[in-house]
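Next come the chains, spelled out residue by residue.
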Amino acid sequence: MRTNKKIILTAVLLALLIILSRFLSLKTPYMKISFAFVPTMLCAVWLGPKWTILLNVLGDVIGATLFPTGPYFVGYTISTAIAGLIYGLLLYKKEGKEYSNINFLIRLIIATTLVAIICNMGLNTLWSAITTGKAFWGLLGMRVVKQLIMIPIHVAVIFFIEKVLRKPFDKYVRTGNEAVES
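Residues numbered from 1 in each chain as written. Predicted model: local features only at pLDDT ≥ 70, side-chain atom pairs only at ≥ 80, totals over all residues. Heavy atoms only, no water.

Focus on the packing of helix H5 (residues 101-132) against helix H6 (residues 136-174)
Right, so step 1: Put simply, H5 and H6 touch, their axes get as near as 8 Å, and they point 145 degrees apart. The two elements H5 and H6 meet at a crossing, and its hand is right-handed.
Right, so step 2: Of the residues contributing to the contact of H5 with H6, the split by class is 16 nonpolar, 11 polar and 4 charged. (Axes fitted to C-alpha atoms, helices over the stretch in contact; angles between N-to-C directions. Helix = DSSP H or I, 4+ residues; strand = E, 2+ residues; numbered from the N terminus. Left-handed = near helix turned anticlockwise from the far one by under 90°. Nonpolar A, V, L, I, M, F, W, Y, C, P; charged D, E, K, R; others polar.)

Some remarks on a nonpolar patch on the surface
Right, so step 1: Together, Ile102, Ile106, Ile110, Leu114, Ile117 and Ile118 make up an exposed nonpolar region whose accessible area comes to about 520 Å².
Right, so step 2: With respect to the helices and strands, the residue Ile117 is situated in helix H5.
Right, so step 3: Under the relative-accessibility criterion, Ile117 is labelled partly exposed at 47%. (Patch = residues over 30% accessible without salt bridge, like charges linked within 9 Å, V, L, I, M, F, W, Y side chains within 5 Å. Areas by Shrake-Rupley, 256 points an atom, 1.4 Å probe, with all protein chains shown as cover. Salt bridge = Lys/Arg side-chain N within 4 Å of Asp/Glu carboxyl O. Buried < 20%, exposed > 50% of the residue type's maximum accessible area, 1.4 Å probe, protein only.)

A short note on empty space enclosed by the protein
Right, so step 1: Applying the stated criterion across every chain, the model contains 2 cavities of 30 Å³ or more.
Right, so step 2: In this structure, the largest cavity spans a volume of roughly 50 Å³.
Right, so step 3: Forming the walls of the largest cavity are Val45, Trp46, Lys93, Glu98, Glu162, Arg166, Phe169, Asp170 and Arg174.
Right, so step 4: When contributions to the lining of the largest cavity are tallied by element, the ones reaching two or more residues are helix H2 (37-47) and H6.
Right, so step 5: In terms of residues, the lining of the largest cavity owes the most to one element, H6, which gives 5 residues.
Right, so step 6: For the second largest cavity, the calculated volume is near 30 Å³.
Right, so step 7: Taken together, Tyr87, Thr112, Val115, Ala116, Asn120, Gln147, Met150, Ile151 and His154 make up the lining of the second largest cavity.
Right, so step 8: Counting residues per element, the ones that place at least two in the lining of the second largest cavity are H5 and H6.
Right, so step 9: Here the lining of the second largest cavity is composed, by residue class, of 5 nonpolar, 4 polar and no charged. (1 Å grid on protein atoms, 1.4 Å probe; cavity = no way out; pocket = protein on both sides within 12 Å on 5 of 7 lines; lining within 4 Å. Points joined across faces, edges and corners; volume = space filled by probe spheres on them.)

Structure, rendered in structure tokens:
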């Protein structure tokens, strides 16, 4: 896929990420529930780790700058970059390489579980404890319950969406007619 297509696709996914994260999410002072994982994981599947890291970092910085919900804290940007790296490394489908549905599902479960443990329960709980002054262990209990509920939801939603979008993406984006530059 050409770089200009990757930039355009990342921009579209970035807009979707900001909308889902900042406007269409349920927020409490200690937790947020949203579908912002969808553009991140699709970027990971389609474009790989470096584009997913870029998407997540830009989404966090732009979202926090234009639509703040509190003071900016760089720790959350680090968490989202690590999540992008994990998703990108485990979910990326290189051009010409195809995973079976079961192989993709296993990769998806592993990636989602790693992000839930490392980023969501570990780092984000630490960042919340630092920014709110609340006890780490008190915050962790709520987050563990949330992640146990959200992991199967993330896996099911992404597996379904990726499967539905696989053929259109391959036909129109990945191998679509490349215009000859003059």
